[in-house]
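So the chains spell out like this:
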Amino acid sequence: MTINDINFKDKKALVRVDFNVPLDDNLNVTDTTRIEAAKDTIIHVLENDGAVILMSHLGRPKNKENEFSLKHVVEKASDILGVQVKFAEDCVGQSAIQAAQDLQSGEVLLLENLRYHDEEKAGDSAFAKALSQLGDVYINDAFGTAHRAHASTAIIAQFFEEKCFGFLMNREIENLNKVLETPERPLLAILGGAKVSSKITVIENILQKVDHLIIAGGMAYTFIKAQGGKIGNSLVEDDKQELALEILKKAQEHNTQIHLPVDVLMADDFSETANRKEAAIDQIPDGWMGLDIGEKTQQQFHDLIQQAQTILWNGPAGVFEMQAFAQGTKALGDAIAVATKNGAFSLVGGGDSVAAVKQFGYADKVSYVSTGGGAMLELLEGKTLPGIAAIVD
Ligand SMILES: Nc1ncnc2c1ncn2[C@@H]1O[C@H](COP(=O)(O)OP(=O)(O)O)[C@@H](O)[C@H]1O
Ligand SMILES: O=C(OP(=O)(O)O)[C@H](O)COP(=O)(O)O
């Protein structure tokens with residue numbers, strides 16, 4: 001059953017969205033991407049004479065702290081949707097039931113943070129049932145939370161006859177499939193970021209599928225050291241060196257070419273004002289650390305990216321949060337933008353990678369930017385996401 005098969009007339013659609021958006025110190029929303037991404041699903045229900053009840057979590061509250069209240073999101077959501085969004089002080093109980101009952105077709109109601117109740121994360125069945133009684137149809141459009149087996153994502157679906165994914169969820173799955181299932185080749189994956197250990201399953205799963213794999217960022221030094229290189233004080237996970245060698249060997253078996261940086265921009269301190277120098281990647285002296293890829297590497301990666309037909313990017317090439325070490329990540333973004341303009345399909349995902357792409361102005365120059373961090377990584381690891389399985393099953 002897809003969203004287009006459902007008749008929403010005079011029905012209330014209970015829509016799980018991921019409105020887990022960043023707020024500043026004054027509790028204003030600073031990035032509206034996830035709200036905008038859910039818009040077409042919400043508008044579809046309204047245009048088909050239904051009403052929408054939105055449910056989401058915000059942050060990781062412990063004790064119903066005000067800073068995690070979804071009331072801070074109401075104004076931005078109203079602006080984006082072009083409809084005044086109503087708000088229920090709780091997601092279950094009398095206030096929620098009354099607000100849902102009063103809701104008319106064409107109206108939108110946002111429920112208070114699901115995680116104000118421990119039952120949400122516990123995947124509590126009675127809580128899921130109570131939520132389900134607010135609506136007639138269930139739509140899951142919360143891709144960013146699809147890797148969580150929570151009440152509103154994985155448990156609630158069983159209480160509905162009519163249930164489906166929203167448009168965002170469909171888009172995310174479709175675009176990921178363009179990379180993982182039916183890529184135009186050559187397929188290139190670029191993995192960066194800080195730790196090998198947090199992405200090891202991604203590397204292992206990706207290795208079997210891609211033609212080329214670039215390993216950049218802080219992750220690269222564990223591979224360089226494992227091969228006998230001198231990495232000075234660069235980030236390293238010594239207990240993962242053996243694994244790094246195994247990965248290099250496996251890549252050969254799969255005929256996958258792994259590309260590591262050949263040079264590095266190093267610094268004598270982890271700070272914006274540190275002294276900086278370029279060096280060969282395996283010749284970093286003690287007291288220095290690699291914080292970005294060097295110019296030669298940027299050029300090599302640029303050329304490699306131009307040869308790819310499908311490009312997946314997760315994880316920055318350096319400490320891009322500091323301007324002094326942002327150049328390598330910018331160069332990757334630039335190269336991917338050029339390749340995309342020339343016809344390649346490019347997908348970017350991961351919290352920090354997406355932040356970098358937006359910060360440097362490449363969000364509109366790649367084919368698809370995922371709204372999921374952890375969710376996208378788990379899909380890349382080859383896992384089935386509970387939020388997806390609950391609808392498909
Ligand atoms: N050479 C490096 N040394 C230390 N940290 C690095 C290095 N390169 C990148 N990083 C850091 O990695 C972090 C991002 O990693 P990660 O969370 O794995 O990315 P993503 O969220 O895109 O999956 C950034 O904070 C960045 O500063
Ligand atoms: O922002 C989210 O995850 P992400 O930062 O990995 O994309 C989701 O809303 C999930 O939140 P959670 O990691 O608190 O379960």
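From a predicted model like this one, the values you see are computed outputs, not experimental measurements.

Engineer: How would you summarise the nonpolar core if you had to cite specific residues and measurements?
Structural biologist: Counting 127 residues, the largest nonpolar core has I53, L54 and L131 as its most contacted members. When residues of this core are assigned to domains, at least three map to each of domain 1 (3-170) and domain 2 (183-380). In this structure, L54 is in contact with V15, V17, V108, L109, L110 and L111, ignoring residues within four places of it in sequence.

Engineer: I'd like a description of the pairing of strand β1 (residues 12-16), backed by residues and values.
Structural biologist: If a strand is regular, its side chains alternate between the two faces of the sheet. Burial runs high along β1: 5 of the 5 residues are buried. Burial along β1 is two-sided: K12, L14 and R16 and A13 and V15, pointing in opposite directions, are all buried. Judged from the 5 bridges that link them, β1 and strand β2 (residues 51-55) form a sheet pairing that is parallel. The residue bridging V15 from the neighbouring strand is L54, located in β2. In this sheet, strand β5 (residues 137-140) lies alongside β1 in parallel orientation, the contact comprising 4 bridges. If you follow R16 over to β5, its bridge partner there is N140.

Engineer: Go over the domain arrangement of the chain with me, naming the residues and quoting the values.
Structural biologist: Interface size is commonly expressed as the accessible surface area that is lost when the partners come together. We note that the domain assignment places domain 1 (3-170) and domain 2 (183-380) within the chain. Taken together, the contacts link 10 residues of domain 1 with 5 residues of domain 2. It is helix α1 (residues 33-37) that contributes the most residues to the side of domain 1 that touches domain 2, 3 residues altogether. A class-by-class count of the residues in the side of domain 1 that touches domain 2 yields 4 nonpolar, 4 polar and 2 charged.

Engineer: Tell me about the sheet that holds strand β11 (residues 263-267), residues and numbers included.
Structural biologist: By definition, the strands of a sheet pair up through backbone hydrogen bonds, in either a parallel or an antiparallel sense. A sheet is described by the order of its strands in space; here 3 strands give the open sequence β12-β11-β14, paired in antiparallel fashion. Each end of this open sheet is capped by a strand with a single partner; those strands are β12 (276-280) and β14 (289-293). For this sheet the average axis-to-axis angle between neighbouring strands, irrespective of direction, equals 40°. In terms of strand pairing, β11 meets β12 through 5 bridges, oriented antiparallel. The residue bridging V264 from the neighbouring strand is A279, located in β12.

Engineer: Give me the lowdown on the UniProt feature "binding site: substrate" (unreviewed entry) in the chain, citing residues and values where you can.
Structural biologist: Annotation from UniProt places "binding site: substrate" (unreviewed entry) at D18, F19, N20, R34, H57, L58, G59, R60, R115 and R148. Locating H57 in the fold gives a position in the loop between β2 and α3 (74-81). Those residues in contact with H57, other than ones at most four positions away along the chain, are N20, N113, L114, R115, E120 and T145. Tracing the chain through its elements places R148 in the loop between β5 and α7 (151-155). In this structure R148 touches T153 and P386, once residues within four positions along its chain are discounted.

Engineer: Help me get a handle on the pairing of strand β16 (residues 345-348), residues and values and all.
Structural biologist: Burial along β16 is two-sided: the face carrying F345 and L347 and the face carrying S346 and V348 are both buried. When strand β15 (residues 310-314) meets β16, the two strands line up parallel, connected through 4 bridges. Note on β16: the bridge partner recorded for I311 is S346. Once the chain exits β15 it traverses helix α13 (residues 327-341) before rejoining the sheet at β16, and the crossover so formed is right-handed. Where β16 and strand β17 (residues 368-369) come together, 2 bridges link them in parallel fashion. Its bridge partner lying in β17, L347 is registered against Y368.

Engineer: Can you lay out the site of ligand 1 for me, pointing to particular residues and giving the numbers?
Structural biologist: Near ligand 1 lie 19 residues; those nearest to it are G193, A194, G218, G350 and D352. Element by element, the count of residues in the shell around ligand 1 is highest for helix α14 (residues 351-359), at 3 residues.

Engineer: Talk me through helix α9 (residues 200-207); I want residue IDs and the actual numbers.
Structural biologist: For α9, the full list of buried residues reads V202, I203 and I206. One side of α9 holds all its buried residues, which, seen down the axis, span an arc of 100°. As for α9, its buried residues are in contact with β7 (187-191), β8 (212-215), α11 (241-253) and α15 (374-380).

Engineer: Report on the UniProt feature "binding site: ATP" (unreviewed entry) in the chain, specifying residues and quantitative values.
Structural biologist: UniProt annotation of "binding site: ATP" (unreviewed entry) refers to K199, G290, E321, G350, G351, D352 and S353 when read in the numbering used here. By the element assignment, K199 lies in the loop between β7 and α9. Beyond its immediate sequence surroundings of up to four residues, K199 is in contact with L191, G193 and M219. If near-sequence neighbours (up to four positions away) are discounted, S353 is found in contact with W313, N314, G315, P316 and V348.

Scoring rules and cut-offs
- Residue indices follow the written sequence of each chain, beginning from 1 at its first position.
- Here chains are named by letter from A upward and ligands by number from 1 upward, in the order in which they appear as written.
- Owing to the predicted nature of the model, reporting of local features is limited to residues with pLDDT of at least 70; listing and counting of side-chain atom pairs is limited to 80 or more, with chain, interface and lining totals taken over all residues.
- Note on terminology: a nonpolar core is any set of buried Ala, Val, Leu, Ile, Met, Phe, Trp, Tyr and Cys residues joined through C-beta atoms within 7 Å.
- The exposure scheme places C-beta atoms from the backbone and then counts, for each residue, the other C-beta atoms within 10 Å of its own, assigning buried at 20 or more, exposed at 12 or fewer, and partly exposed in between.
- Domain boundaries shown here were taken from an automatic or database domain assignment.
- For every residue pair, C-beta atoms are placed from the backbone, and the pair is scored as a contact if these atoms sit within 7 Å.
- A helix here means a DSSP run of H or I that spans at least four residues, while a strand means a run of E at least two residues long, and both kinds are numbered starting from the N terminus.
- In this description, strands pair whenever DSSP reports at least two bridges between them.
- Only Asp, Glu, Lys and Arg are considered charged, only Ala, Val, Leu, Ile, Met, Phe, Trp, Tyr, Cys and Pro nonpolar, and every remaining residue, Gly among them, polar.
- Lines fitted to C-alpha atoms define the axes here, with helix axes fitted over just the stretch in contact, and angles between the N-to-C directions of these axes take values from 0 to 180 degrees.
- UniProt positions are given in the numbering used here, feature names are shortened, and annotations may be inferred rather than shown by experiment.
- Note on handedness: a clockwise path from strand one over the helix to strand two, with the strands aimed away from the viewer, defines a right-handed crossover.
- What makes a residue near a molecule or strand is its C-beta atom, placed from the backbone, lying within 6 Å of it.
- Arc definition: directions from the helix axis to the C-beta atoms.

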